[in-house]
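Topology and contacts: notes
Residue-level listing of the chains:
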Amino acid sequence: MYNKEEIVNIGKQAYDKVDSVANLAKKYGVAVASIYNWKRLYAQKQGLVKLHEETNYETMNEAQLKLELMKKDIEIARLKKRLRGERGWGKEGIRYYTRLEYQIVAELSYKYEVKKLCRAMNVSRSGFYIWQERVNRPSEKVLQRARDIQLFRKYHSRHQSHGYRWLNHKIRLDLGIFMSDQYAHKCCKIAGIKSKARHNRYKRPGNEGKTYPNLILSNMNINRPLEVIVSDMTAMYIKGKYHELTLYMDLYNNELIGHSLSDKRGDPNTYHDGLKQVLNKKEEQRNLDMILHSDQGSVYSSKSYNELLPNYNIKRTMSRAGTPTDNGAMEAINGWLKEELFLDFKINEADNIEKAINDYIHYFNYERPACALNYLTPIQYKVKYLLNSNQ
């Protein structure tokens, strides 16, 4: 970052006390320990201190020996905290470094006077007592933050696939506790909480479907439930056994309105069983237009799958070949579903896999807040629409 000449110049400023060591460290964006090292380097270059001076303990009196012993203990304590000779801690900032220095003073205070320790370590004695008071008698704000951190840890242990923003809104939904996203981020950062979910890469689009055109390529406005339904099959290994899960989702509120599970590879019944659940819901509003979107899979393209749809006023549409992003919402749900099933619901430990899937679908629709729905659940979002439409 700085060449040798610049380092010596900064060390000179510290030696001449042009500014405090803390301010110089902040000004030049380096650690406090670096400023002390550069100050020592400048002093050595100017011949103000002797290099590698051997300490003659035999000529020292009792007070000098105690001082040297204290300095050695301080050095050992710093090494234990990995401060001396390491720059990584500097990323935490000057306040973090000072706090660790205060911890060393507290650890050695049973053996040495605080006044002498602070002088030897170049830290403020009054600052140490203020820090000690805060540690021994934390404010209500600090205690509340500790409670909130524990709350985030509790929720993250159950929802490891999600990060701070989703956890914050889940807590708000369940407990009615309102915290800002910035505060939630701070709590999760202190607790080391991060989403364990993986993310897939974008794939280049292919050709449009031959059987049915893609009607939802443009950013169409969806104004009501059961206007656009998307479907897809996702495969997973549960307890080492292959399973296929076919889902049908209402794009208006991301509600999963149909699903079917099978442990047979390429089983067409999962597609048909899920479709029957959708048609049962459509039966209530048979005259309303509906779009059913899927990929170009063989079952989705088959005659047996599509022959009943015109009777229910349903139009078919398909993604372009090899283009999962055309059905991005459904693909995203597939990804989240797998992450949550394995990380949060521990489906590999479930005795009844089909019941575990049904429980997750209920959780998804009734208990899981979604960012796209302003952190409402799919059912809450639909109820809000129904209430507004009846006014």
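Look up: the structure comes first, before these words.
Rules of the game
Residues numbered from 1 in each chain as written. Predicted model: local features only at pLDDT ≥ 70, side-chain atom pairs only at ≥ 80, totals over all residues. Heavy atoms only, no water. Helix = DSSP H or I, 4+ residues; strand = E, 2+ residues; numbered from the N terminus. Contact = heavy atoms within 4.5 Å. Areas by Shrake-Rupley, 256 points an atom, 1.4 Å probe, with all protein chains shown as cover. Patch = residues over 30% accessible without salt bridge, like charges linked within 9 Å, V, L, I, M, F, W, Y side chains within 5 Å. Salt bridge = Lys/Arg side-chain N within 4 Å of Asp/Glu carboxyl O. Lys, Arg positive; Asp, Glu negative; His and termini not counted. Charge placed at Lys NZ, Arg CZ, Asp CG, Glu CD. Buried < 20%, exposed > 50% of the residue type's maximum accessible area, 1.4 Å probe, protein only. Pairing = 2+ DSSP bridges. Axes fitted to C-alpha atoms, helices over the stretch in contact; angles between N-to-C directions. Polar contact = N/O pair within 3.5 Å; in protein donor to acceptor, adjacent residues only side chain to side chain. Phe/Tyr/Trp six-rings, centres within 6.5 Å; stacked < 30°, edge-to-face > 60°. Lys NZ or Arg CZ within 6 Å of the ring centre and 35° of its normal. Parallel < 35°, antiparallel > 145°, perpendicular 65-115°, else oblique. Left-handed = near helix turned anticlockwise from the far one by under 90°. Nonpolar A, V, L, I, M, F, W, Y, C, P; charged D, E, K, R; others polar. Core = buried A, V, L, I, M, F, W, Y, C linked by side-chain atoms within 4.5 Å.

Per the secondary structure count, the protein chain includes 16 helices and five strands. Long-range pairs, those at least 24 residues apart, make up 59% of the contacts in the protein chain with a sequence separation of at least 6. Counting only carbon and sulfur atoms, one obtains 48% of the accessible surface of the protein chain, whose full area is about 23,700 Å².

Together, Arg95, Arg99, Arg134, Lys141 and Lys186 make up a region of like positive charge exposed at the surface. If you trace the backbone, Arg95 turns up in helix H5 (residues 94–108). According to the relative accessible area criterion, Arg95 is exposed, its value standing at 72%.

Attention now moves to the pairing of strand E5 (residues 314–318). In regular strands, side chains alternate between the two faces of the sheet. Buried residues dominate E5, accounting for four of its five residues. The sheet contact formed by strand E4 (residues 290–294) and E5 spans five bridges and is parallel. Bridge pairing links His293 to Thr317 in E5.

On to unusual backbone geometry, then. The phi dihedral of Lys17 is positive, around 60°, even though this residue is not glycine. Within the secondary structure layout, Lys17 lies in the loop between helix H1 (4–15) and helix H2 (21–28). Phi at Asn122 takes a positive value of approximately 60°, unusual for a residue other than glycine. Of note, Asn122 is situated in the loop between helix H6 (114–121) and helix H7 (125–136).

In this section: the sheet that holds E4. With respect to topology, five strands assemble into an open sheet ordered E3-E2-E1-E4-E5, the strand pairing being mixed. Edge strands, defined here as strands with exactly one partner in the open sheet, are strand E3 (255–262) and E5. Each strand axis lies, on average, 25° off the axis of its neighbour in the sheet, ignoring direction. Packing of helix H14 (residues 328–344) onto the sheet brings it into contact with strand E1 (228–238), strand E2 (241–250) and E3, and relative to E1 it is tilted by some 35°.

A word on the side chain of Glu340. Structurally, the position occupied by Glu340 is in helix H14. Given a relative accessible area of 0%, Glu340 falls into the buried group. At 2.4 Å, the side chain of Glu340 and the side chain of His162 are in polar contact. Not counting chain neighbours up to four residues away, the residues in contact with Glu340 comprise Ser161, His162, Phe345, Tyr360, Tyr363 and Arg368.

A separate point is the packing of aromatic side chains. Taken as a whole and assessed by the stated rule, the structure comprises 16 aromatic pairs. Their ring planes at 70° and their centres at 5.3 Å tell us that Tyr252 and Tyr385 sit as a pair that is edge-to-face. Taken together, the residues span a long stretch of sequence, with Tyr252 in the loop between E2 and E3 and Tyr385 in helix H16 (residues 378–389) at a distance of 133 residues. Residue class for Tyr252 comes out buried when judged on its relative accessible area of 15%. Judged by relative accessible area, which is 24%, Tyr385 ranks as partly exposed. Counting every residue linked through ring pairs, the aromatic cluster contains Tyr102, Phe128, Tyr129 and Trp131. Sitting over the face of the ring of Tyr155, Arg158 holds its NZ or CZ atom 4.6 Å from the ring centroid. Positioned above the aromatic ring of Tyr242 is the side chain of Arg265, whose terminal nitrogen or guanidinium carbon lies 3.8 Å from the ring centre.

Right, let's get into the packing of helix H9 (residues 164–175) against helix H10 (residues 181–191). Two numbers describe how H9 lies on H10: the axes approach to 9 Å, and their chain directions differ by 115°. As summarised for this structure, H9 and H10 are arranged roughly perpendicular, according to the angle between their axes. You can see that H9 and H10 cross each other, and the crossing is right-handed. Touching Tyr164, Arg165, Asn168 and His169 of H9 are Asp181, Ala184, His185 and Cys188, all from H10. When the residues that make up the contact of H9 with H10 are grouped by side-chain class, the tally is three nonpolar, three polar and two charged.

Counting 36 residues, the largest nonpolar core has Phe152 and Leu256 as the members making the most contacts within it. Counting residues per element, this core draws most heavily on helix H15 (residues 353–366), which supplies seven residues. Those residues in contact with Phe152 that sit more than four places away from it in its chain are Tyr164, Leu167, Asn168, Ile171, Met179, Ala184, Cys187, Cys188 and Ile193. If you look at the next biggest cluster of nonpolar residues, it comprises 17 residues, including Leu226, Met290, Leu292 and Tyr312.

The residue Ile347 is located in the loop between H14 and H15 in this model. Residues Ile347 and Ile238, 109 residues apart in the sequence, show an inter-C-alpha distance of 7.2 Å. Excluding residues within four positions of it along the chain, Ile347 makes contact with Ile238, Lys239, Leu341, Phe342, Ile353, Ala356 and Ile357.

The next thing to look at is the pattern of salt bridges. Evaluation of the coordinates by the stated rule reveals 12 salt bridges. Close ionic contact of Glu101 with Arg78 constitutes a salt bridge, the shortest N to O distance being 2.5 Å. Taken together, the residues span a long stretch of sequence, with Glu101 in helix H5 and Arg78 in helix H4 (residues 62–80) at a distance of 23 residues. For Arg78, a relative accessible area of 12% puts it in the buried group. When the shortest N-O distance is used, the salt bridge between Asp263 and Lys241 registers 3.1 Å. A residue pair is termed long-range when its members are at least 10 positions apart, and Asp263 in the loop between E3 and helix H11 (269–282) and Lys241 in strand E2 qualify at 22 residues. The exposure class assigned to Asp263 is partly exposed, which follows from its relative accessible area of 39%.

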